[in-house]
Amino acid sequence: MHILWLRRDLRLSDNEIAALSTADNAEVLPCFIIDPWFYEQAEVGKARVKFLFESLEDLDRNLRERGSQLYLFEGNSLNVIQELTCQLIQQGDRPKLFFNRDVQVQYGIERDRQIINFYREHSLEYHQGLNNFLQTDENRRDEWMEEYYTYLRQPLHPTPEQINTPALQIDLPQLTFDQLKQKYNQFWETENTYFSGGETQAIATLNSFLNSRFHGYHWKISRPWLTQQGATSHLSPHLTFGTISVRQVYQSTKAKAAELANNPKAQFSLKAFRDRLRWHDSFTQRLYFHPELVDTNRYPEFDEYYSPAELSEEKQELFAAWKEGQTGFPLVDASMRQLKTMGWMNFRMRAMCATFLCINGGISWHHGAEHYMQQLIDGNLGIDNWQWQMQAGVTNPLSDTFRIYNPNKNLEEKDGDLKFIYHWVEELRGYNLSEILDGAYLNESP
């Protein structure tokens, strides 16, 4: 029996462990573990968990179409895998565990280490695959770029057509999807109409981007209203949960570029998008080698200025205003209100709001990073926390200045027609650009 343990790789297409574990009609048990530890963390995002659960539902449907199903176990991941393995052994089996490497916090790192040790101690086979490209030897970091693109150009892993999952009697806490929705209803009841989870939706989103939405990507990416309307791929939540692989996105984009060989503007937009894929994966790689960067300043010289310590009363008021989009700076407020409603905003607005909080507000990046992770559907610790450190000035201590995004300058350049402002800050609809830049609204009564 093969145990197919799925985590942040919730797809059947281009999934190494799905292809290998189901080959030659081998018996396979696909499973996901609802580990209560993860849902108790301060940075857990309700909308992100709903996206995860939607992705699990879609995966179960895709498995059932192939004669299988997704087993939802509940409990401590280490205990579940150990007990599941022991029960299969008692039934006369010699299970082999398939799971992909995951980039995570210390809890997950230690969990995987103990599971590997358990399998070695019992002389059982296991296969640790790659969800997306990941370099595991830090001594080869100079070769990262070459190895990265070599991986992206390799053929996709085949999608299983039939999956052999026999009827199993497993004495472990399990959940049906109805039970999952009832027990974790605080996540299911979260309003999220902007992003839907699942491999089926991921492929549809990629196709719609490559069919038309990619045009002008290279300049639209920094315009908040255009990105809200779909000028960027909107694949980031799917990449976070692995409902589609970076390699599949990359190869589909290259194929589209080949179709448009005589269209240099389209070529440029698609190249800019592929560069962002590499940018995305480079942060995942950094976190793999340096998981401490989630909560530790890159350089200890900044510990005096940036820490997760409780905020003073004055800073708590500023932090609350920032979170609610009530700072009085229109583009900051519009962006933060968008984040609260959509669980998403484009990168430039994320960076601008971060510098505003840390540099202008004097509030540690730790607090802002946690809030982003609570709100973002595509929350990714590798990108989020490093970018917060970067925008706060921590990652480049030799710089003479901090990077600061001027909210008014960005408003004029990136939302000059005020569509984004008018949509999210309704109280400013009676003002034109000049009046907003001059702060005329500040003299009005609320």
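Let me sum up the structure you'll find in this document. (Residues numbered from 1 in each chain as written. Predicted model: local features only at pLDDT ≥ 70, side-chain atom pairs only at ≥ 80, totals over all residues. Heavy atoms only, no water.)

Overview of the overall build of the protein
And step 1. When helices and strands are counted, the protein shows 21 helices and 5 strands.
And step 2. Radius of gyration (C-alpha) of the protein: 23 Å, near the 22 Å computed for a compact globule of 446 residues.
And step 3. Each of the 446 residues in the protein was classed as buried or not, and the buried ones make up 54%.
And step 4. A sequence separation of at least 24 residues applies to 77% of the contacts in the protein between residues at least 6 apart.
And step 5. Surface exposure of the protein reaches about 20,600 Å², of which carbon and sulfur atoms provide 46%. (Helix = DSSP H or I, 4+ residues; strand = E, 2+ residues; numbered from the N terminus. Rg over C-alpha atoms; globule rule 2.2 N^0.38 Å. Buried < 20%, exposed > 50% of the residue type's maximum accessible area, 1.4 Å probe, protein only. Contact = heavy atoms within 4.5 Å. Areas by Shrake-Rupley, 256 points an atom, 1.4 Å probe, with all protein chains shown as cover.)

With respect to the side chain of Asn-385
And step 1. Here Asn-385 is to be found in helix α18 (residues 381-391).
And step 2. Ignoring any residue separated from it by four or fewer positions in sequence, one finds Asn-385 in contact with Leu-293, Val-294, Trp-365, Ala-369 and Met-373.

A look at the pairing of strand β4 (residues 96-100)
And step 1. Where burial is concerned, most of β4 is hidden: 4 out of the 5 residues are buried.
And step 2. In this structure, strand β1 (residues 2-5) lies alongside β4, joined through 3 bridges in parallel fashion. Bridge pairing in β4 places Ile-3 opposite Leu-97.
And step 3. As paired strands, β4 and strand β5 (residues 126-129) are joined by 4 bridges and run parallel to one another. Bridge pairing in β5 places Leu-97 opposite Tyr-126.
And step 4. This β-α-β element, β4 to helix α4 (residues 106-121) to β5, shows right-handed connectivity. (Pairing = 2+ DSSP bridges. Right-handed = clockwise from strand over helix to strand, strands pointing away.)

Thoughts on the packing of aromatic side chains
And step 1. Going through the model one piece at a time under the given rule, you end up with 35 aromatic pairs.
And step 2. Grouping aromatic residues by their ring pairs yields a cluster made of Phe-133, Trp-144, Tyr-148, Tyr-149, Tyr-151 and Tyr-250.
And step 3. Above the plane of the ring of Tyr-299 lies Arg-298, whose end atom (NZ or CZ) is 4.8 Å from the centre. (Phe/Tyr/Trp six-rings, centres within 6.5 Å; stacked < 30°, edge-to-face > 60°. Lys NZ or Arg CZ within 6 Å of the ring centre and 35° of its normal.)

Some details on the pattern of salt bridges
Two side chains with opposite charge may pair up if their charged atoms get near one another.
And step 1. Here the structure, examined in full by the defined rule, presents 19 salt bridges.
And step 2. Measuring nitrogen to oxygen at the nearest pair gives 3.5 Å for the salt bridge that ties Asp-58 to Arg-61. Of the two residues, Asp-58 and Arg-61 both sit in helix α2 (residues 46-64), 3 residues apart, roughly one turn of that helix.
And step 3. Looking at Arg-61, the relative accessible area reads 46%, which means it is partly exposed.
And step 4. Between Lys-183 and Glu-74 there is a salt bridge, and its shortest N-O distance comes to 2.9 Å. (Salt bridge = Lys/Arg side-chain N within 4 Å of Asp/Glu carboxyl O.)

A short note on the sheet that holds strand β3 (residues 71-74)
And step 1. If you walk across this open sheet you meet the 5 strands as β3-β2-β1-β4-β5, and the pairing is parallel. In this open sheet, the two strands that pair with only one neighbour each are β3 and β5. On average, adjacent strands in this sheet sit at an angle of 25° to one another, irrespective of strand direction.
And step 2. Packed on one face of the sheet, α4 meets β1, β4 and β5 and runs near 160° to β4. (Axes fitted to C-alpha atoms, helices over the stretch in contact; angles between N-to-C directions.)

Some points on the environment of Asp-9
And step 1. Relative to the helices and strands, Asp-9 is located in the loop between β1 and α1 (16-22).
And step 2. Beyond its immediate chain neighbours, meaning those up to four positions away, Asp-9 contacts Asn-15, Ile-17, Asn-100, Asn-131, Phe-241 and Gly-242.

Describing the packing of helix α14 (residues 313-324) against helix α15 (residues 330-342)
And step 1. α15 packs onto α14 with a crossing angle of 70° between their chain directions and a minimal axis gap of 6 Å. Comparing their axes, α15 and α14 come out roughly perpendicular. Residues Trp-322, Lys-323 and Glu-324 of α14 pack against Val-332, Met-336, Arg-337 and Lys-340 of α15.
And step 2. Grouping the constituent residues of the contact of α14 with α15 by class yields 3 nonpolar, no polar and 4 charged. (Parallel < 35°, antiparallel > 145°, perpendicular 65-115°, else oblique. Nonpolar A, V, L, I, M, F, W, Y, C, P; charged D, E, K, R; others polar.)

Remarks on the packing of α14 against helix α17 (residues 365-375)
And step 1. Across the interface, α14 lies against α17 with an axial gap of 12 Å and an inter-helix angle of 30°. Comparing the axis directions of α14 and α17 gives the class roughly parallel. α17 is crossed by α14, and the crossing has right-handed handedness. Residues Phe-319, Trp-322 and Lys-323 of α14 pack against His-367, Gly-368, His-371 and Tyr-372 of α17.
And step 2. Looking at the contact of α14 with α17 residue by residue, the class counts come to 3 nonpolar, 3 polar and 1 charged. (Left-handed = near helix turned anticlockwise from the far one by under 90°.)

Structural notes on empty space enclosed by the protein
And step 1. Using the criterion set out here, one finds 3 cavities of 30 Å³ or more in the structure.
And step 2. The space that makes up the largest cavity amounts to roughly 580 Å³.
And step 3. Taken together, 31 residues make up the lining of the largest cavity; nearest its centre are Ser-236, Trp-279, Phe-347, Arg-350 and Asp-378.
And step 4. The set of elements that each furnish at least two residues to the lining of the largest cavity consists of α11 (236-241), α13 (264-289), α16 (347-360) and α18.
And step 5. Surrounding the second largest cavity, Arg-286, Leu-287, Leu-293, Val-294, Leu-381, Gly-382, Asn-385 and Trp-386 form its lining.
And step 6. Going through the elements one at a time, α13 and α18 are the ones with two or more residues in the lining of the second largest cavity.
And step 7. Top element by residues in the lining of the second largest cavity is α18. It accounts for 4 residues.
And step 8. Its residues assigned to classes, the lining of the second largest cavity shows 5 nonpolar, 2 polar and 1 charged. (1 Å grid on protein atoms, 1.4 Å probe; cavity = no way out; pocket = protein on both sides within 12 Å on 5 of 7 lines; lining within 4 Å. Points joined across faces, edges and corners; volume = space filled by probe spheres on them.)

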